[in-house]
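# Close look at the chain arrangement
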Amino acid sequence: MDTHPPTRDEAWALLNKYNTNPGLVKHALAVEAVMRYMARKRGQDEEAWGVVGLIHDLDYEQFPDRHCKKTEEILRERGWPEGLVRAVVSHGYGFCTDVEPQTEMEKVLYAIDELTGLVVATALVRPSRSVMDMAAKSVRKKWKDKAFAAGVNRAVIEDGARRLGMDLSDLITDTILGMREAAEELGLAGPAKA
């Protein structure tokens, strides 16, 4: 089967075929937005990076016990390029796969997947309920409270920043800036202006 680069519309349709949970869909949109931002910043293929971010948890709702592995099957059946399939699978490194993030796209996805959850949680406890006025120091303050967003694996985020050769605060800032681009869709734009 010939592989073809998937379009954003194809990825969106696939995401919605396997996911109905609004929280998981919003997470996918957050990761997509950050991946697109990071691709532009790094001079990479924004469409490819965005599609990978959008479908990275494709299987999580219906096949949590086969996370990453089921997505790999689904994408291969549809003829997705190997580099994109590998990038998606590598975000589960150390938990559900032994595919270590090696490319820049893989390392970014690995680093920001968990981080988007911490940014969302931080935004939702702010008076503005927004990422639009948030700075990295707000996230860093919450970072120290291990009970806050306890499901976020901070060790993975730290490992991801290390793999990218980035300071953690810079990674958080980039994640916030990427999420700002999708703030309306994510419900994190703050109160509507009158």
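Residues numbered from 1 in each chain as written. Predicted model: local features only at pLDDT ≥ 70, side-chain atom pairs only at ≥ 80, totals over all residues. Heavy atoms only, no water.

Overall, the coordinates contain zero disulfides when judged by the stated rule. The cysteine Cys-68 is free of any disulfide, with Cys-96 supplying the nearest cysteine sulfur at 3.4 Å. On the accessibility criterion, Cys-96 (19% relative accessible area) is buried. (Disulfide = S-S within 2.5 Å. Buried < 20%, exposed > 50% of the residue type's maximum accessible area, 1.4 Å probe, protein only.)

A few words on the nonpolar core. In terms of nonpolar packing, the biggest core is built from 60 residues, with Met-35, Met-38, Leu-75, Trp-80, Val-119 and Leu-171 touching the most fellow members. Ranked by the residues each element gives to this core, the list is headed by helix α2 (residues 22-41), at eleven residues. Not counting chain neighbours up to four residues away, the residues in contact with Leu-75 comprise Leu-14, Ile-55, Leu-58, Trp-80, Val-85 and Val-88. (Core = buried A, V, L, I, M, F, W, Y, C linked by side-chain atoms within 4.5 Å. Helix = DSSP H or I, 4+ residues; strand = E, 2+ residues; numbered from the N terminus. Contact = heavy atoms within 4.5 Å.)

In terms of burial, helix α8 (residues 154-164) is a largely internal element, eight of the eleven residues being buried. If you follow the buried residues of α8, they end up packed against α6 (104-124), α7 (136-143) and α9 (168-180). Between the side-chain oxygen of the N-cap and the backbone nitrogen of Ala-155 there are 3.0 Å, and the N-cap of α8 in question is Asn-153. Note on α8: the residue one or two positions beyond its end, Gly-165, has a positive phi of about 70 degrees. (Polar contact = N/O pair within 3.5 Å; in protein donor to acceptor, adjacent residues only side chain to side chain.)

Structurally, Thr-116 can be placed in helix α6. On the basis of relative accessible area, Thr-116 is assigned to the buried category, the value being 1%. Only 2.8 Å separates the side chain of Thr-116 from the backbone oxygen of Asp-113, close enough to count as a polar contact. If we skip the residues at most four places from it in the chain, Thr-116 touches His-27, Ala-30, Val-31, Val-34, Thr-175 and Met-179.

All right, on to the packing of aromatic side chains then. Using the criterion set out here, one finds two aromatic pairs in the structure. Centre to centre, the rings of Tyr-18 and Phe-63 are 6.5 Å apart; their planes meet at 50 degrees, and the pair counts as tilted. Here Tyr-18, found in helix α1 (residues 8-18), pairs with Phe-63, found in the loop between α3 (46-55) and α4 (69-77); they are 45 residues apart in sequence, far enough to count as distant. Assessed through its relative accessible area of 11%, Tyr-18 is described here as buried. Judged by its relative accessible area of 22%, Phe-63 falls in the partly exposed class. The ring centre of Phe-63 lies 5.0 Å from the NZ or CZ of Lys-70, which sits over that ring. Taking the ring centre of Phe-148 as reference, the NZ or CZ of Lys-142 above it sits at 5.0 Å. (Phe/Tyr/Trp six-rings, centres within 6.5 Å; stacked < 30°, edge-to-face > 60°. Lys NZ or Arg CZ within 6 Å of the ring centre and 35° of its normal.)

Geometric values such as these leave the question of function open.
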